[in-house]
Structure formats: structure tokens, C-alpha cells
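So the chains spell out like this:
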Amino acid sequence: MVLLLATLIDRLIGDPDWLWRRWPHPVVWFGALIGAADRGLNRAAFSFAGRRALGLMSILALAGLALGAGLLIQRALVPLGWAGLLAEALIASVFLAQKSLSDHVEAVRAALERGGLDAGRRAVSMIVGRDPNELDEAGVCRAAIESLAENASDGVVAPWLALALFGLPGLLVYKMVNTADSMIGHRSERHLAFGWGAARLDDVLNLVPARLTALLFAGMAWMGRNGTAGRRAWKTAWRDASTHRSPNAGWPEAAMAGALALSLGGPRRYGALVVDAPCLGAEGRCEANPQDIAAALRLFGWSMNALLAVAVLRSLVSLV
């Protein structure tokens, strides 16, 4: 029931801006803890091996803290009956991102159609790290679709699966590790050693969700678009996912590329840094447009419907 209610709350309400403007989002608290560990333990005076060991111990300690917090919250809410169940679902829904992800990507499509390229660049800069001023309209559309595909996995499917399998404690552990990866899991000079543990642990936790997301995209493309699109989605994911620099992100991105017959990925600029990333679905169209964003959002929506259906079935089984 917690899984079902959390899925519904996130789907209908998402992350209300009025709330988080007045109160820090729990992920901000996670970030504060990770930042404190980074400032206190990631010192240039330490050796590379020493910083890597400290980084690994830090992420394990932070994950243990998240696990303990989840267990304490669960135990405190159990005596409250249905009120406690609803409270746990509300807390869990905060860590899912279905509605907020859909809204942000839809904002890019709407900005392109209503305000043109400059408006689209401003909108896409809210969800990607690359330099939007280097993107033409097709580049803005591809960036939005790539962000939708990747974040469908680590922003929705992965935390949803953690909640389904391990409850609130598992969900909090996942979000702590994923937040740490986004903050310190980079190949920069400062974080190459200290962030190694967070990056590797995040890779492990996302192995199954990334492939499940690709399978969802392929299955929903087969059902909602046509059998050819579904087969192409899985074939592209199976062929191209391993060429991505991430062991996981390539799976949902390549599946999305195949489902929409687009070519995603490729070289991109992050400020002064140019990353020569491989193409996913190189045989597809490069000239993406706002209608492709709408198609990607529909595929994402169908996939989220599948998760909701699983949550409903689990709840019904638990009540029998």
C-alpha cells in the first residue's frame, strides 16, 4: 500500500514548489552531509589511495545513516495504523520524480513552440549540464529526450524499485548514494579519488533499474506505437548501451533512441570541456523536433502506467 500510495501521490502532486521554497527538500539534507564529508576528508594533503579509502568509508557511513533513519521512521509510524501508512507514503513520494521530470521536459517542448530557440535553451538548461548556447533546436530536443530517458531510470524506476523491494530504508539508501554520485562521483581532479566509492556503488545500484527501464521503453513502444518500434528499441539498447561511458545510462537512452527512430548522444560541450560521446541509434534521425519530445513523453507516461499497474497488483495481492 505504501508503494501504491507513494506512486499515486508523486504522479498527481509531484514536488510542489511552494513547499520546497519554505522548507529544504530532504535531498538537500543529504547533500549537506555529503558536502561536509567532502570538505572534511577530501584533502589534497592526503594520498590518492588515502582519499579513495576515505571516500569509500564516507559513502558507506552515509548509506548506513540513511538506512538507520529509514528504519527509525518506519518503526515510529507503524503504531499509527493507516495514518502512519499514509505518512510513510508521503515521505516516500518525495524521493520519486515522475511528475517533476515530466513537467520539466514538457516545459522544454512548450518553450520551443511558444518562445523559439532561446526560450528552449533556457528551459533545457534546467535539466542538463551541457552548454545550451551551443545547441540548435534539434540539439535542444535531443538533450531533453536524453535527460528524460536517463532520469526515468535513476529518478523514477530505481527509487521505485528500491521502495518496492526494501521499503523506505532501501529508498533512502538509494537516494543517498545517487545524490553522492551526482555531487562527487565525477572524474575531476578533486573527486576522481574521493568520489570513486560513490560512483561505483551508484553503478551497482543502478544495474538492474537501467536495464528494466530499457525493457519498459521497449515493451511500451511495442504496445503503444508498433511492434517494429519495440523491437528496434531493444535491439538498439542491446547493441549500443555498452558504448556509453556510463555502464547504465546507455540502456534507457539507447532504448528511447530506437523507439523514436532517433540518433541520440554524440559529442557535447560542458563549458570549456568537449566530451566525445558515442551516438546511440546512429541510423536514426538527428533532426529531432518538439513533436519527438512529445512522443518521448508519451512513451515515458506509458512506462509509468506500467509501474502503477504493478503497484496496484501488489496491493491487491497483499489484501487477499
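Rules and cut-offs
Residues numbered from 1 in each chain as written. Predicted model: local features only at pLDDT ≥ 70, side-chain atom pairs only at ≥ 80, totals over all residues. Heavy atoms only, no water. Helix = DSSP H or I, 4+ residues; strand = E, 2+ residues; numbered from the N terminus. Rg over C-alpha atoms; globule rule 2.2 N^0.38 Å. Buried < 20%, exposed > 50% of the residue type's maximum accessible area, 1.4 Å probe, protein only. Contact = heavy atoms within 4.5 Å. Areas by Shrake-Rupley, 256 points an atom, 1.4 Å probe, with all protein chains shown as cover. Lys, Arg positive; Asp, Glu negative; His and termini not counted. Charge placed at Lys NZ, Arg CZ, Asp CG, Glu CD. Core = buried A, V, L, I, M, F, W, Y, C linked by side-chain atoms within 4.5 Å. Phe/Tyr/Trp six-rings, centres within 6.5 Å; stacked < 30°, edge-to-face > 60°. Salt bridge = Lys/Arg side-chain N within 4 Å of Asp/Glu carboxyl O. Axes fitted to C-alpha atoms, helices over the stretch in contact; angles between N-to-C directions. Left-handed = near helix turned anticlockwise from the far one by under 90°. Nonpolar A, V, L, I, M, F, W, Y, C, P; charged D, E, K, R; others polar. UniProt positions renumbered as here; feature names shortened; annotations may be inferred. Parallel < 35°, antiparallel > 145°, perpendicular 65-115°, else oblique.

1. Quick look at the overall build of the protein chain
From N to C terminus, the protein chain includes 13 helices and 4 strands. The globule rule puts the C-alpha radius of gyration for 320 residues at 20 Å, and the 20 Å found for the protein chain is close to it. C-alpha extents for the protein chain along the principal axes are approximately 60 × 55 × 40 Å. For the protein chain, the residues scored as buried account for 51% of the 320 residues in total. In the protein chain, 71% of the contacts between residues at least 6 apart in sequence involve partners at least 24 apart. Put simply, the protein chain shows about 15,300 Å² of open surface, and 64% of that area lies on carbon and sulfur atoms. Put simply, the protein chain has 31 plus and 26 minus side-chain charges, and the middle of one group is 4 Å from the middle of the other.

2. Looking at the nonpolar core
In terms of nonpolar packing, the biggest core is built from 83 residues, with Val105, Val108, Val124, Ile145, Leu148, Met256 and Ile293 touching the most fellow members. Per-element accounting of this core gives the leading share, 21 residues, to helix α7 (residues 137-184). Ignoring anything within four residues of it in the chain, the contact list for Val124 reads Val108, Pro132, Leu135, Val140, Ala143 and Ala144.

3. Comments concerning the packing of aromatic side chains
Two aromatic rings are characterised by how far apart their centres lie and by the angle between their planes. All told, the structure shown has 5 aromatic pairs when counted by the stated rule. Relative to Phe95, the ring of Phe30 lies with its centre 5.9 Å away and its plane at 20°, an arrangement referred to as stacked. Separated by 65 residues along the polypeptide, Phe30 in helix α3 (residues 26-41) and Phe95 in the loop between α5 (82-93) and α6 (98-124) bring together distant segments of the chain. Each member of the pair, Phe30 as well as Phe95, is classed as buried.

4. Remarks on unusual backbone geometry
A positive phi angle, near 55°, is found at Ala261, a position not held by glycine. In this fold, Ala261 is placed in the loop between α12 (250-260) and β1 (264-265). With relative accessibility at 27%, the residue Ala261 sits in the partly exposed group.

5. Some thoughts on helix α1 (residues 2-12)
Along α1, the residues that are buried comprise Val2, Leu3, Leu4, Ala6, Thr7, Ile9 and Asp10. Buried-residue contacts for α1 involve α5, α6, α7 and α13 (290-319). One or two steps after α1, the chain reaches Gly14, where phi turns positive at roughly 70°.

6. Some words on the pattern of salt bridges
This model, assessed by the stated rule, comprises 9 salt bridges. We note a salt bridge from Glu113 to Arg109, for which the minimum N-O separation is 2.6 Å. Of the two residues, Glu113 and Arg109 are both situated in helix α6; the distance of 4 residues between them amounts to about one turn of the helix. Looking at Arg109, the relative accessible area reads 15%, which means it is buried. Two residues, Asp118 and Arg121, come together in a salt bridge whose shortest N-O distance is 3.8 Å. Pair noted here: Asp118 and Arg121 are both in helix α6, with a separation of 3 residues, about one helical turn.

7. Topic: the packing of α12 against α13
Taken N-terminus to C-terminus, the directions of α12 and α13 make an angle of 115°; their axes are 11 Å apart at the nearest point. Of the two possible hands of crossing, α12 and α13 adopt the one that is right-handed. Of the residues in α13, those in contact with Met256, Ala259 and Leu260 of α12 are Asp292, Ala295, Ala296 and Leu299. Broken down by class, the residue content of the contact of α12 with α13 amounts to 6 nonpolar, no polar and 1 charged.

8. Considerations on the UniProt feature "transmembrane region" (unreviewed entry) in the protein chain
Here the UniProt-annotated "transmembrane region" (unreviewed entry) positions come out as residues 53-73, 79-97, 157-177 and 299-317. Taken end to end, residues 53-73 is 100% helix and 0% strand, and its first and last C-alpha atoms sit 30 Å apart. The span residues 299-317 is 100% helix and 0% strand, and its two end C-alpha atoms sit 27 Å from each other.

9. Some thoughts on the packing of α3 against helix α4 (residues 48-77)
As a packed pair, α3 and α4 sit with axes 11 Å apart at the nearest point and diverge in direction by 155°. Comparing the axis directions of α3 and α4 gives the class roughly antiparallel. Seen from above, α3 lies across α4 with right-handed handedness. Of the residues in α4, those in contact with Leu33, Ile34, Ala37 and Leu41 of α3 are Leu54, Ser58, Leu62 and Leu65. Along the lines of polarity and charge, the residues of the contact of α3 with α4 split into 7 nonpolar, 1 polar and no charged.

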